[in-house]
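Architecture at a glance
Chain by chain, the residues run as shown.
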Protein chains: 2
Amino acid sequence: MLGAGFGGLTFCQTFSCPAAEVTLVDRQNHHLFQPLLYQVASAGLSAPEIAQPIRSILRNKRNVTVLLRNVTGFDLERREVRLDDAVLPYDYLVLALGGVTSYFGHPEWEQYAQGLKSLDDALNIRNQVLLAFEQAENSLDAAERERWMTITVVGGGATGVELAGAFAELARHVLKRDFRRIDPRQARVILLEAGPRLLQQYSPRLSAKAAARLTNLGVDVRTNVRVETIGEGFLQLAGSARMGSATIIWAAGVAANPLTQKLGAELDRAGRVRVQPDLSLPGHPEVFAIGDLALVSDKQGRSVPGVSPAAMQMARHVAGIIENELRGESSDRSSRPAFQYWDKGIMATIGRSAAVAQIGRVEISGWLAWVAWLFIHLLFLIGFRNKAAVLLQWTYSYFTYNRGSRIVTGLDGSRLAGHEPAPASGATVEQTNRKMSHVPAREQL
Amino acid sequence: MLGAGFGGLTFCQTFSCPAAEVTLVDRQNHHLFQPLLYQVASAGLSAPEIAQPIRSILRNKRNVTVLLRNVTGFDLERREVRLDDAVLPYDYLVLALGGVTSYFGHPEWEQYAQGLKSLDDALNIRNQVLLAFEQAENSLDAAERERWMTITVVGGGATGVELAGAFAELARHVLKRDFRRIDPRQARVILLEAGPRLLQQYSPRLSAKAAARLTNLGVDVRTNVRVETIGEGFLQLAGSARMGSATIIWAAGVAANPLTQKLGAELDRAGRVRVQPDLSLPGHPEVFAIGDLALVSDKQGRSVPGVSPAAMQMARHVAGIIENELRGESSDRSSRPAFQYWDKGIMATIGRSAAVAQIGRVEISGWLAWVAWLFIHLLFLIGFRNKAAVLLQWTYSYFTYNRGSRIVTGLDGSRLAGHEPAPASGATVEQTNRKMSHVPAREQL
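Quick caveat: nothing in here was measured; it's all calculated off a predicted structure. (Residues numbered from 1 in each chain as written. Chains lettered and ligands numbered in written order. Predicted model: local features only at pLDDT ≥ 70, side-chain atom pairs only at ≥ 80, totals over all residues. Heavy atoms only, no water.)

Focus on the overall build of chain A
Here is the rule: Every helix listed is a DSSP run of H or I at least four residues long, and every strand listed is a run of E at least two residues long, numbered separately from the N terminus. Relative accessibility thresholds used throughout: buried, under 20% of the residue-type maximum; exposed, over 50%; partly exposed, between the two (1.4 Å probe, protein chains only). The contact definition used throughout considers only heavy atoms, calling two residues in contact when any of these lie within 4.5 Å.
A tally of regular secondary structure across chain A gives twelve helices and 24 strands. Sorting the 445 residues of chain A into buried and exposed places 64% on the buried side. Taking the contacts inside chain A whose residues are at least 6 apart along the sequence as the reference set, 64% of them involve residues at least 24 apart.

Examining the sheet that holds strand E16 (residues 247-250) of chain A
Residue and element names in this part refer to chain A. Heads up, the condition is: Note on pairing: DSSP must find at least two bridges between two strands before they are called paired. Helix axes use the C-alpha atoms of the stretch in contact, all axes being lines fitted to C-alpha atoms, and the angles between their N-to-C directions lie in the range 0 to 180 degrees.
The parallel open sheet is built from four strands, whose spatial order is E12-E11-E10-E16. In this open sheet, the two edge strands, each paired with only one partner strand, are strand E12 (219-222) and E16. Each neighbouring strand pair of the sheet contributes to a mean axis angle of 15 degrees, computed without reference to strand direction. Note: strand E10 (residues 150-154) against strand E11 (residues 188-192), five bridges, orientation parallel.

Points about the sheet that holds strand E16 (residues 247-250) of chain B
Residue and element names in this part refer to chain B. The four strands are arranged E12-E11-E10-E16 in an open sheet whose pairing can be described as parallel. Each edge of the open sheet is held by one strand with a lone partner, namely strand E12 (219-222) and E16. The average angle at which neighbouring strand axes cross in this sheet is 15 degrees, direction not considered. Helix H7 (residues 204-216) contacts strand E11 (188-192) and E12 of the sheet and is inclined by roughly 145 degrees relative to E12.

Side note on the confidence of the model for chain A
Put simply, the rule is: Confidence of the predictor at the level of single residues is captured by pLDDT, which takes values from 0 to 100.
Taken as a whole, chain A shows an average pLDDT of 81; of its residues, 84% reach a score of 70 or greater. This prediction of the complex comes with two scores: 0.80 for pTM and 0.75 for ipTM.

Details of the environment of A:Asn138
Topologically, A:Asn138 is positioned in helix H4 (residues 119-138). A relative accessible area of 15% means that A:Asn138 is categorised as buried. As a C-alpha pair, A:Asn138 and A:Ser56 span 82 residues in sequence and 44 Å in three-dimensional space. Non-local contacts of A:Asn138, meaning those with residues more than four positions away in its chain, are made with A:Arg181, B:Leu67, B:Leu68 and B:Arg69.

Description of the pattern of salt bridges
Residues and elements named next belong to chain A. As a reminder, the rule being used: Within this document, salt bridges are pairs made up of a side-chain nitrogen of Lys or Arg and a carboxyl oxygen of Asp or Glu, the two lying within 4 Å of each other.
If you walk through the whole model with that rule in mind, you get 37 salt bridges over all chains. Arg188 is the salt-bridge partner of Asp220, the closest N and O atoms lying 3.8 Å from each other. Within this pair, whereas Asp220 is found in strand E12, its partner Arg188 is found in strand E11, the two being separated by 32 residues in sequence.

Regarding the environment of A:Ala86
All names here are of chain A. Relative to the helices and strands, Ala86 resides in strand E7 (residues 86-89). Classification of Ala86 as partly exposed rests on a relative accessible area of 29%. Each C-alpha atom, one on Ala86 and one on Asp75, is 13 Å from the other, the two residues being eleven residues apart in sequence. The residues touching Ala86, leaving out its near neighbours within four places in the chain, are Arg69 and Val81.

Section: the side chain of A:Asp278
Residue and element names in this part refer to chain A. Just so we agree on the cut-off: Here a polar contact means two N or O atoms within 3.5 Å. Within protein one must be a hydrogen donor candidate and the other an acceptor candidate, and residues neighboring in sequence count only if both atoms are side-chain atoms.
The residue Asp278 is located in the loop between strand E18 (273-274) and strand E19 (280-281) in this model. One polar contact links Asp278 to Arg336, side chain to side chain, over a distance of 3.0 Å. Each residue touching Asp278, except ones within four places of it in the same chain, is listed here: Phe288, His317, Ile321, Arg336, Pro337 and Ala338.

Considering the pairing of E10(A)
Residues and elements named next belong to chain A. Under the convention used in this document: Look down the strands so they point away from you; if going from the first strand over the helix to the second traces a clockwise path, that crossover is right-handed.
Most of E10 sits inside the fold, with five of its five residues counted as buried. Taking the sense of rotation as the criterion, the β-α-β connection linking E10, helix H6 (residues 158-174) and E11 turns out right-handed. Two strands pair when backbone bridges link them, and E10 and E16 are joined in this way by four bridges, in the parallel orientation. Of the residues in E16, the one forming a bridge with Val154 is Trp250.

A look at the packing of helix H1 (residues 6-14) of chain A against helix H8 (residues 308-326) of chain A
Residue and element names in this part refer to chain A. Heads up, the rule is: Should the near helix be turned anticlockwise from the far one by less than a right angle, the crossing is termed left-handed; should it be turned clockwise, right-handed. We call Asp, Glu, Lys and Arg charged. Ala, Val, Leu, Ile, Met, Phe, Trp, Tyr, Cys and Pro are nonpolar, and the rest, Gly among them, are polar.
Following both chains from N to C, one finds H1 and H8 inclined at 35 degrees, their axes separated by 8 Å at the closest point. The interaxial crossing formed by H1 with H8 has right-handed handedness. Here Phe6, Gly7, Thr10, Phe11 and Thr14 of H1 come into contact with H8, specifically with Ser308, Ala311, Met312, Ala315, Arg316, Val318, Ala319, Ile322 and Glu323. Among the residues forming the contact of H1 with H8, the class breakdown is eight nonpolar, four polar and two charged.

Here it is, written out as structure tokens:
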């Protein structure tokens, strides 16, 4: 089992074959509640509030071993996964490695336009946006100030819409009285979409509602615009002048984890594996790809979207197949059931107190949709993470011996690879000298 | 006003002279509730729970301007503070720059033994300890595993005692069922103290109680030991063999911010400024040093300790002097009152449900002291930060338009100095390739 996202975790939680040993490998020590990541990026939630250590989620699954390791490749013939300094043999392999931000053939844009896929991405965005306002406060030049106070979100899908709404509110409400030289309410939030409308998976009516609501919040929504170049602090749109923007967020593209390229299987443009109806790799019935990695169609012939319910459904499907075969109930691999996707609907918030939702043919929008969104996410988050504030957390820690914040962020690969004692602080004396925060001693009443 | 710790913030909050302009400069965007920093390091609390944006604390002080800047030096004759790319003139200057970790003439130890003074320090320690257990789980060599599972805390003051207790509980209770190949309860937590006993500001009876309690928690307490060398993953104690320890925390020394060296004033060994009884610099009645920067004696001739109540009392004292002089009530600078320290007592926790406290001649320990500690810190923290869990926070954000997590961490100086658009992620495509966390798309029910 590779990857501890919604797919990988659901697999481990549903797979019930005590005789089988499951090894779960992930690059991070935490599972991330991805649907609320935009709130971490916009400073609404703290990182540990939407992440949970994989080990503690699977604590009671005694046949599951969790490894914090990098996967570097596969040897499908020898049935081995290569880790950076070890090899992991398998009988069955389930790939649930998820997606990465894709810059559509412009990898050089990555350094100027932050994507949003991990906690580190979200913390980078938060730092970037908050520091841009600080820089604007420090700047004496009007044009310069305007550039610092411009936030551009590229991509009008759900992530882009939710981010733009959250930034507009951050500037207009949260920060409004905190500065002396600038008025954060004059910050510009620009949302760029290449297609003719926002939220293209939704009905045109809901798209229009979302755009109207964003405009109302002060977001400058622009559709049918194509980004030609992104550089340090500016964008160039097709057919128009350079646009200065200190903060640029890339929410326009997702691709499957590039490790799929090492499988030797057929991939689509986004790097997804063209799997069999049972979700296995062609020619390798013992290898499955699920979640954002898998290219599979639903009954209507549309490809199953990269959303968490799809990943979870695929995980349950594969767990069922493997259980059956291990129990000897079914050894005929050609008679495996085909995966069926059950669409539960889609939903996106637009700032506070508005949302759009589409569940089959039912469409809701506005405050009612927002309440539904809040309710559903709280429900999921509470199930996912029973966390409270300091007081509650202390009470909780006291009685359960559990802790809330066991989250590693800032992992950059090299820390895991070598045998350094640990990621020791890279701070030098020079750097320490520059620290100015007042630090009183701490043993006091 | 330089520094937004307990001293700097108290000054801004108490100083009430609407005609005067106050500029508060700090390297960080947040004020830190330092007494709970050890809980962030030991994964009990998340970073935003003990930090608050300086701007939002001082939002209603309309005559206070907050600048997120580096101080690089002073020109006391011209009455100017030098920032990295600007100069700030002043009539009065209050220095509240706080302390830094001091390695007693061994700056090279810093890279191997993490200090604990800032949120970044705390997050480094947390990452280091959590990753060490992961490495132990990955390791097949017994000696190697033992090294990964050894945590050494150097320094038996309050910080060291609280950290050691928290780590012992983390290993023995929080992590105990999360691993498959190692037993975290076998982790060693070693607390080294050069002096004859822990907590030397406390009575010998309380020191003994603290040591007994720590031993009971499984901490290996060693007094009268001198550290000779610290290297990558090991310590060498005077008169004994090398000791392997993947995690080494330095809680042994604090010095004043090295910027004091640029004042041209007389300093003590720890870099503190020998101030006049009114807390001003000799020869510069318009410049004050407070908090951990100031070397000042109490009525009994003992030097005032570097604790937050002292910093806050000094801040109020200086605010009073400046107010009087600005109002013209007192222009005779030689008749300024002398600072009087009122000792409120000291207190330290030892793991969960035990603490020691010394308030004048009253000594308490054990569960009662712990309840007192909890009560006092909750009281302060609630006053400081009215934060709740996700649900509460959402409700709160909804009605107050406030947000809980506007905290910048990971600042390294260079980000503020230049005019890069922002601290763009340094991630390369190579690095992204290595990311394995499963990332389902997010617009779903």
